[in-house]
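# Coordinates in review
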Amino acid sequence: MFRRISSFYSLLLISFILVSSAITSVLCWGVINVNSKFSGCQPSLFDLKDHDSKRQLRFLAGVDLPLGGSGRPDGLGLYYAKIGIGTPAKDYYVQVDTGSDIMWVNCIQCVECPKRSSLGIDLTLYNLKDSATGKLVSCDQEFCYVINGGPLAGCTANMSCPYLEIYGDGSSTAGYFVKDIVLYDRVSGDLKTSSANGSVIFGCGATQSGNLDSSNEEALDGILGFGKSNSSMISQLASSGKVKKMFAHCLDGVNGGGIFAIGHVVQPKVNMTPLVPNQPHYNVNMTAVQVGHDFLNFTTDVFESGDRKGTIIDSGTTLAYLSEMVYEPLVTKILSQQPHLKLQTVRDDYTCFQYSESLDEGFPNVTFHFENSVVLKVYPHDYLFSFNGLWCIGWQNSRMQSRDRKNMTLLGDLVLSNKLVLYDLENQGIGWTEYNCSSSIQVLDERTGTVHLVGSHYISSACHLNAHIILILLATLLLYPDY
């Protein structure tokens, strides 16, 4: 998705050059409040499809920048966090995204940055001079070498390390890296918190274009990436030995609550399937598709992983996009259970119908099978959603999004909600289990061996107070006590 920053772009960012010094700190168990953009609101079919279309364009961008993976923001991100940055701390709202790698926020020098948001939140521009703990990351620091794959042409020791990301839809963000304190609430016991902080290198956005500029009505301050590369926040914390490179999320599709935890989840137990090696996203090996009691008949090449093909788990995608070879027989098999339905096409993309009886009794479950005998079961009440008195099928044909995507399967919140999804980057695996996401999970403190409960919470938004999500970030302290 990325390419090495060219000499032209390196020189473009030289105005942000200064010598930087390192910051050391300790990150403890903590929480970050997160809300959903659609929380308490009824998104239109256009909103859902527009969100996913923009997201998938960025999935398919070429290998353009040396950031160790593929990060991309969204025009309509689903979940955003309120975090504190700097000393004294200021609040920033950043999108939580398992498909992005770096964390970045808009900065005071930003050109064409959004100044307001329709989400009912106040946007803030980060100013390095306002923070007593903020420092620039210079070109001769190891982070800059790693993220650029070596020394960057035109970037010398007294210059700040630049970043540039260009996305497949033409949007871009450019700026420079800084290191500062990120504040959150520390988990101090079962369902208890206290204040804590940690030091993180993140991007300071100076120029935005496309869907990231001031034309974006649902703007946020930036992105909090939980991708696989070494530049992500979780990778930075893990490299210092302070956290396990493991996290989990549980998104409540019924009540709007949820959990997002960094650390070793010990309860509930989760069966794992291996991640596909050398892929920038959370790619997995699908082996079969079952509708009701019947397995669909496919050749093995339908499930092959590789460039623009295979299966990706992505919590930032709203619906579920199936490869063309899977979509047609799957939807045909589902609808064969009710042959007398009068089908309607809504918004040119959605197959809808009237139905007044029980969904779960009238339609079959869909079960995806993965390597290591891991299964993902999706119920009719998950893959069917109501719209203007109709029931519509949430499964989408990837080819209808783009010919380039016809062999991709992208499993989003349609199939992930009401499940605890565990990402184990220590052992390169991912797994899930059905779970009540409004309850709590148990996470191990690797330092003391104690186990604490982490539960879901809520924050307010521009919609309703009773339909919000807080994602819990639990970082296990391994080596150092608090100070």
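Residues numbered from 1 in each chain as written. Predicted model: local features only at pLDDT ≥ 70, side-chain atom pairs only at ≥ 80, totals over all residues. Heavy atoms only, no water.

Take the sheet that holds strand 17 (residues 310–313) next. Pairing within the open sheet is mixed, and its five strands lie in the order 14-17-26-18-25. Across the chains shown, the open sheet's two edge strands, defined by having one partner strand only, are strand 14 (283–284) and strand 25 (395–397). Judged from the two bridges that link them, strand 14 and strand 17 form a sheet pairing that is antiparallel. For asparagine 283, the partnering residue across the bridge sits in strand 17 and is isoleucine 312. Contacts between helix 5 (residues 324–335) and the sheet are confined to strand 18 (320–322) and strand 25, with strand 25 contributing the most and set at about 135° to the helix. (Pairing = 2+ DSSP bridges. Helix = DSSP H or I, 4+ residues; strand = E, 2+ residues; numbered from the N terminus. Contact = heavy atoms within 4.5 Å. Axes fitted to C-alpha atoms, helices over the stretch in contact; angles between N-to-C directions.)

Pairing is antiparallel in the open sheet, where three strands are placed in the order 12-29-30. Where the open sheet ends on each side, the last strands, each with one partner, are strand 12 (264–267) and strand 30 (451–455). Adjacent strand axes in the sheet meet at a mean angle of 45°, parallel and antiparallel pairs treated alike. Here strand 12 runs beside strand 29 (residues 440–444); their pairing, made up of three bridges, is antiparallel. In the sheet register, glutamine 267 faces strand 29, and the bridge partner there is glutamine 442.

A word on the environment of glutamine 337. Along the chain, glutamine 337 falls in the loop between helix 5 and strand 19 (344–346). Taking the C-alpha atoms as reference, glutamine 337 lies 7.6 Å from proline 364; in sequence the two are 27 residues apart. Once residues lying within four places of it in the same chain are set aside, the contact partners of glutamine 337 are Gly362 and Pro364.

Right, let's talk about the environment of threonine 367 for a bit. Residue position: threonine 367 is located in strand 21 (residues 366–370). For threonine 367, a relative accessible area of 7% puts it in the buried group. Note: C-alpha distance between threonine 367 and valine 289 (78 residues apart in sequence) is 5.9 Å. Those residues within four positions of threonine 367 in sequence are excluded, and the remaining contacts are Ala288, Val289, Gln290, Val375, Leu376 and Lys377. (Buried < 20%, exposed > 50% of the residue type's maximum accessible area, 1.4 Å probe, protein only.)

For the coordinates displayed, the defined rule picks out six disulfides. In this model cysteine 107 forms its disulfide with cysteine 204; the gap between the sulfur atoms is 1.6 Å. What sets the handedness of the cysteine 107 and cysteine 204 disulfide is the S-S torsion sign, and at about -125° it is left-handed. Of this pair, cysteine 107 sits in strand 4 (residues 104–111) while cysteine 204 is found in strand 8 (residues 192–209), placing the two residues 97 residues apart along the sequence. Look at cysteine 204 and you get buried, because its relative accessible area is 1%. (Disulfide = S-S within 2.5 Å.)

What follows concerns the packing of aromatic side chains. Tallied over the full model, the rule gives 15 aromatic pairs. Seen from their ring centres, phenylalanine 368 and tryptophan 395 are 5.6 Å apart, and the 75° between their planes marks the pair as edge-to-face. Of this pair, phenylalanine 368 sits in strand 21 while tryptophan 395 sits in strand 25, placing them 27 residues apart in sequence. Side by side, phenylalanine 368 and tryptophan 395 carry an identical accessibility label, which is buried. Centre to centre, the rings of tyrosine 383 and tryptophan 395 are 5.6 Å apart; their planes meet at 35°, and the pair counts as tilted. Here tryptophan 395 lies in strand 25 and tyrosine 383 lies in helix 7 (residues 380–383), a separation of twelve residues in the sequence. (Phe/Tyr/Trp six-rings, centres within 6.5 Å; stacked < 30°, edge-to-face > 60°.)

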